[in-house]
Amino acid sequence: MIIVHHLNNSRSQRVLWLLEELGLDYEVRRYERDPETMLAPPELQAVHPLGKSPVIADGGLVLAESGAIVQYLIERYGAGRLRPAAGTPQAWRYTYWLHYAEGSLMPPLLLKLVFDRIGKAKMPFFVRPVARAIADKARQRYVLPQLQRHLDYLEQELHKSPWFAGDEFSGADVQMSFPLEIAAVRVGLDATRPRLVDFLARIHARPAYQRALARGGEFGIIG
Ligand SMILES: N[C@@H](CCC(=O)N[C@@H](CS)C(=O)NCC(=O)O)C(=O)O
């Protein structure tokens, strides 16, 4: 049985979703974030030294990194589903998005979270204006322009095909879902980006997505 080490409100939600899409049996082991720091509890470090989620265990294999997990589950259990045929241009797009989601899109989204938090953090009153000014400058000059560029790019990509790797829904869409859910909360997605809004609506409507929410429990993006 596949075990998913699942942290509330986290990337592991998309692993549950993928398992539902594949129709596999799995067990969810739950971990709760510290309400103050939002960090994972130390028990997760007993599963994997980085103490982050998702991690899956399958037989003797313990695997972290959501992109690697998506790739593993689809290669091991997909029987050709949820990925384009090997050697096609779509297969390379699929690989590209599996890496892009965490390697390129998540870093500026994380920076946005960090700089937003600096603005709200408790600190001595005489430091606050300086810290806020630095955070604001970094956000305005670097983080937000980078994020706008990514979102423009992604909007254009979804004009080429309905799903990230082509005409068919694939693991690439599962992997891309989490940063886009975050972008909707932290940056905002509106009518100026209709394809991205529609992408989120289409994935939310999938029965497997709904089942995964029921299995995972609470899922919200930490803004
Ligand atoms: N690149 C990793 C990121 C893993 C990660 O940062 N997970 C977050 C959950 S969204 C986490 O465990 N945060 C809690 C912590 O850092 O203590 C992946 O895609 O799996």
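Just above, that's the structure.
Cut-offs applied
Residues numbered from 1 in each chain as written. Predicted model: local features only at pLDDT ≥ 70, side-chain atom pairs only at ≥ 80, totals over all residues. Heavy atoms only, no water. Core = buried A, V, L, I, M, F, W, Y, C linked by side-chain atoms within 4.5 Å. Buried < 20%, exposed > 50% of the residue type's maximum accessible area, 1.4 Å probe, protein only. Helix = DSSP H or I, 4+ residues; strand = E, 2+ residues; numbered from the N terminus. Contact = heavy atoms within 4.5 Å. 1 Å grid on protein atoms, 1.4 Å probe; cavity = no way out; pocket = protein on both sides within 12 Å on 5 of 7 lines; lining within 4 Å. Points joined across faces, edges and corners; volume = space filled by probe spheres on them. Nonpolar A, V, L, I, M, F, W, Y, C, P; charged D, E, K, R; others polar. Salt bridge = Lys/Arg side-chain N within 4 Å of Asp/Glu carboxyl O. Near = heavy atom within 4 Å. Polar contact = N/O pair within 3.5 Å; in protein donor to acceptor, adjacent residues only side chain to side chain. Areas by Shrake-Rupley, 256 points an atom, 1.4 Å probe, with all protein chains shown as cover. Sits in = over half its atoms within 2 Å of the grid points. Phe/Tyr/Trp six-rings, centres within 6.5 Å; stacked < 30°, edge-to-face > 60°. Lys NZ or Arg CZ within 6 Å of the ring centre and 35° of its normal.

J.: What exactly am I supposed to notice about the nonpolar core here?
T.: Within soluble globular proteins, side chains that are nonpolar tend to cluster in buried spots. Among the nonpolar cores identified, the biggest contains 53 residues, and Ile56, Leu73, Leu154, Phe164, Met176 and Leu180 are the most heavily contacted of them. Ranked by the residues each element gives to this core, the list is headed by helix H4 (residues 89-120), at nine residues.

J.: I keep staring at the side chain of Ser66 and nothing clicks. Help me out?
T.: Considering the arrangement of structural elements, one finds Ser66 in helix H3 (residues 66-77). What makes Ser66 buried here is its relative accessible area of 2%. Setting aside residues up to four positions removed in sequence, Ser66 forms contacts with Arg11, Arg14, Pro54, Glu102 and Gln175.

J.: Hey, could you run me through empty space enclosed by the protein in this one?
T.: Any space left empty among the atoms is revealed by the rolling of a water-sized probe across them. Within the structure shown, the criterion is met by one cavity of 30 Å³ or more. Empty space within the largest cavity amounts to approximately 50 Å³. Forming the walls of the largest cavity are Ser10, Gln13, Arg14, Trp17, Ser177, Phe178, Glu181, Tyr209 and Phe219. Those elements that provide at least two residues to the lining of the largest cavity are helix H1 (12-22) and helix H6 (171-186). When grouped by side-chain class, the residues that make up the lining of the largest cavity number four nonpolar, three polar and two charged.

J.: I keep staring at H1 and nothing clicks. Help me out?
T.: Since one α-helical turn is 3.6 residues long, residues separated by three or four positions face the same way. In terms of burial, H1 is largely enclosed, as 11 of its 11 residues are buried. Those residues of H1 that sit buried are Ser12, Gln13, Arg14, Val15, Leu16, Trp17, Leu18, Leu19, Glu20, Glu21 and Leu22. Of the residues flanking the end of H1, it is Gly23, one or two places downstream, whose phi is positive at about 70 degrees.

J.: Explain the pattern of salt bridges to me, please; I cannot follow it from the model alone.
T.: Where charged atoms from two side chains of opposite charge come close, those side chains can pair. Going through the model one piece at a time under the given rule, you end up with 13 salt bridges. Between Glu157 and Arg93 there is a salt bridge, with the nearest N and O atoms lying 3.1 Å from each other. With Glu157 in helix H5 (residues 128-160) and Arg93 in helix H4, this pair connects stretches of sequence that are 64 residues apart. A network of salt bridges, in which partner residues are shared, links Lys112, Asp116, Asp136 and Arg139.

J.: Help me understand the site of the ligand, please; the structure alone is not making it clear to me.
T.: Inspection of the region around the ligand gives 13 residues, with Ala40, Lys52, Ser53, Glu65 and Ser66 positioned closest. Between the ligand and Ala40 there is a distance of 2.8 Å, counted from an oxygen atom to a backbone nitrogen or oxygen. Here a nitrogen atom of the ligand sits 3.0 Å away from a polar atom, N or O, in the side chain of Glu102. Out of a free accessible area of 510 Å², the ligand has 84% covered by protein chains. When atoms are counted within 2 Å of each cavity's grid points, the one that captures over half of the ligand is the largest pocket.

J.: Would you mind going over the environment of Leu16 with me for this structure?
T.: Relative to the helices and strands, Leu16 is located in helix H1. Separated by 196 residues in sequence, Leu16 and Ala212 have C-alpha atoms that sit 5.3 Å apart. Not counting chain neighbours up to four residues away, the residues in contact with Leu16 comprise Val4, His6, Tyr26, Val28, Ala212, Arg215 and Gly216.

J.: Honestly, the packing of aromatic side chains in this entry has me stumped. Any pointers?
T.: One pair of aromatic rings is described through two measures. These are the centre distance and the angle between the planes. Taken as a whole and judged by the stated rule, the model has 13 aromatic pairs. Aromatic side chains Trp97 and Tyr100 sit 5.1 Å apart centroid to centroid with 85 degrees between the ring planes, which places their arrangement in the edge-to-face category. Of this pair, Trp97 and Tyr100 both sit in helix H4, three residues apart, roughly one helical turn. The pair formed by Trp97 and Tyr100 is uniform in burial state, with each residue classed as buried. By the ring-pair criterion, three or more aromatic residues cluster together here, those being Trp17, Tyr96, Trp97, Tyr100, Tyr153, Trp163, Phe164, Phe169, Phe199 and Tyr209. Sitting over the ring of Phe169, Arg206 keeps its end group 3.6 Å from the ring centre.

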